[in-house]
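What the coordinates show
For reference, the chains in residue letters:
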Amino acid sequence: LYILMYHDVVEGDGSGCNDWTITTGRLREDLQWMTDQGFTFYLPRELAQGVPLAEKSVMITFDDGYASNYTLAYPLLKEFGAKAVISPIVRNIQEGVPGYLTWDMCREMAASGLVEFGSHTYDLHGADDQGIRRLEGECQADYETRVLPDLQTSIDLLSAELGQPVTFFAYPNGKTEPWAVQFLAEHFSVTVTTAHGPADLSGGLYSLPRHNVTVQNKASQWLS
């Protein structure tokens, strides 16, 4: 299985784009190429259910929950019948932060059957790269008091607002933490990092690697 990682989407020629932003033209090109090559798109819940994978299988992921996932990416997903999982930083939705998804946008996409929603934490994916890793000198009890309620809040809000179970977790900055492993295993069926490479599901569905798609590195480079 190939897992592709996207974040924000913009219109235009791609000038000024960074490694976390692609253009609508690039996304269209990627989806067209995958369709032409006969790839089948999968959602995390299908992996969790043990759905047999086609010979050419791919899972599209969007991290952070930018509004462009709805305004620019979702129309293309519908056009190509492509599935994707979006993992928002849930606080941004809950507090109506400009530039991020709203609950109404999420509900519409979830109801389509094309889009599944996972967690990218409630509010632990900030400006630093700490994510859910333990702090220096932090004991496990303090860690669990700080981190686990945040993860639970993200799960509770997503499931309550969208009426669907949350099976997927994208590690902030792709960085794992041994102290979170038990909680994640109890609450999620599939987790992904930012490690680069194809995913071998024979070893399980946790800490799966992905391929980051950029303006320079299109999907066909990773899937060929």
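In short, a report on the structure. Just so you know, these numbers come straight off a predicted model, no measurement behind them.

Moving on, we get to the overall build of the chain. A count of helices and strands for the chain gives eight helices and ten strands. The principal-axis extents of the C-alpha atoms in the chain amount to approximately 50 × 40 × 35 Å. Pairs at least 24 residues apart make up 66% of the contacts formed inside the chain by residues separated by at least 6 positions. Of the roughly 9,700 Å² of accessible surface on the chain, 48% is carried by carbon and sulfur atoms. Put simply, the chain has 14 plus and 29 minus side-chain charges, and the middle of one group is 5 Å from the middle of the other.

This part takes up the packing of aromatic side chains. Tallied over the full model, the rule gives seven aromatic pairs. Both rings, one in Tyr6 and one in Phe62, keep their centres 5.3 Å apart while their planes meet at 25 degrees; by these two values the pair is stacked. Here the residue Tyr6 occupies a position in strand E1 (residues 2-6), and Phe62 occupies one in strand E5 (residues 57-64), the gap between them amounting to 56 residues. Take Tyr6: its relative accessible area is 1%, and that puts it in the buried class. Taking relative accessible area as the criterion, Phe62 reaches 1% and is therefore assigned buried.

Glancing now at helix H3 (residues 68-80). A rise of 1.5 Å per residue sets the reference length of H3, with its 13 residues, at 18 Å; its end C-alpha atoms lie 17 Å apart and thus fit the reference within 8%. All of the buried residues along H3 are Ser68, Asn69, Leu72, Ala73, Tyr74, Leu76, Leu77 and Phe80. Check the buried side of H3 and you find it contacts strand E2 (8-10), helix H1 (24-36), E5, strand E6 (84-88), helix H5 (103-112) and strand E7 (115-117).

Positionally, Asp64 belongs in strand E5. Arg210 is the oppositely charged side chain nearest to the buried, salt-bridge-free Asp64, at an N-O distance of 8.2 Å. Within the local environment of Asp64, its side chain forms a polar contact with the side chain of Tyr66, the two groups lying 3.5 Å apart. Those residues within four positions of Asp64 in sequence are excluded, and the remaining contacts are His7, Ser87, Pro88, Ile89, Tyr100, His120 and His125.

Here the focus is the packing of H1 against H3. The interhelical angle for the contact between H1 and H3, taken along N-to-C directions, is 20 degrees, at an axis separation of 10 Å. With respect to H3, the axis of H1 lies roughly parallel. The two elements H1 and H3 meet at a crossing, and its hand is right-handed. In this structure, H1 uses Thr24, Leu27, Arg28, Leu31, Gln32 and Thr35 to contact H3, whose residues at the interface are Leu72, Ala73, Leu76, Leu77, Glu79 and Phe80. Of the residues assigned to the contact of H1 with H3, the class counts are seven nonpolar, three polar and two charged.

What follows covers the packing of H3 against H5. Taken N-terminus to C-terminus, the directions of H3 and H5 make an angle of 30 degrees; their axes are 10 Å apart at the nearest point. Looking at the two axes, H3 sits roughly parallel to H5. For the element pair H3 and H5, the recorded crossing hand is left-handed. Packed against H3, whose contacting residues are Asn69, Tyr70 and Tyr74, the element H5 presents Met105, Glu108, Met109 and Ser112 at the interface. Classifying every residue of the contact of H3 with H5 by side-chain character gives four nonpolar, two polar and one charged.

As a further point, take helix H6 (residues 140-162). The terminal C-alpha atoms of H6, which comprises 23 residues, lie 32 Å apart, in line with the 33 Å expected from a rise of 1.5 Å per residue. Among the residues of H6, those classed as buried are Tyr143, Val147, Leu148, Asp150, Leu151, Ser154, Ile155, Leu157, Leu158 and Leu162. Next to the buried residues of H6 lie E6, helix H4 (90-94), H5, E7, strand E8 (168-170) and helix H7 (181-187). One or two residues past the end of H6 sits Gly163, with phi positive at roughly 65 degrees.

Cut-offs used in this document
Residues numbered from 1 in each chain as written. Predicted model: local features only at pLDDT ≥ 70, side-chain atom pairs only at ≥ 80, totals over all residues. Heavy atoms only, no water. Helix = DSSP H or I, 4+ residues; strand = E, 2+ residues; numbered from the N terminus. Contact = heavy atoms within 4.5 Å. Areas by Shrake-Rupley, 256 points an atom, 1.4 Å probe, with all protein chains shown as cover. Lys, Arg positive; Asp, Glu negative; His and termini not counted. Charge placed at Lys NZ, Arg CZ, Asp CG, Glu CD. Phe/Tyr/Trp six-rings, centres within 6.5 Å; stacked < 30°, edge-to-face > 60°. Buried < 20%, exposed > 50% of the residue type's maximum accessible area, 1.4 Å probe, protein only. Expected span 1.5 Å × (residues − 1). Salt bridge = Lys/Arg side-chain N within 4 Å of Asp/Glu carboxyl O. Polar contact = N/O pair within 3.5 Å; in protein donor to acceptor, adjacent residues only side chain to side chain. Axes fitted to C-alpha atoms, helices over the stretch in contact; angles between N-to-C directions. Parallel < 35°, antiparallel > 145°, perpendicular 65-115°, else oblique. Left-handed = near helix turned anticlockwise from the far one by under 90°. Nonpolar A, V, L, I, M, F, W, Y, C, P; charged D, E, K, R; others polar.

Shape is all these values report; function is a separate question.
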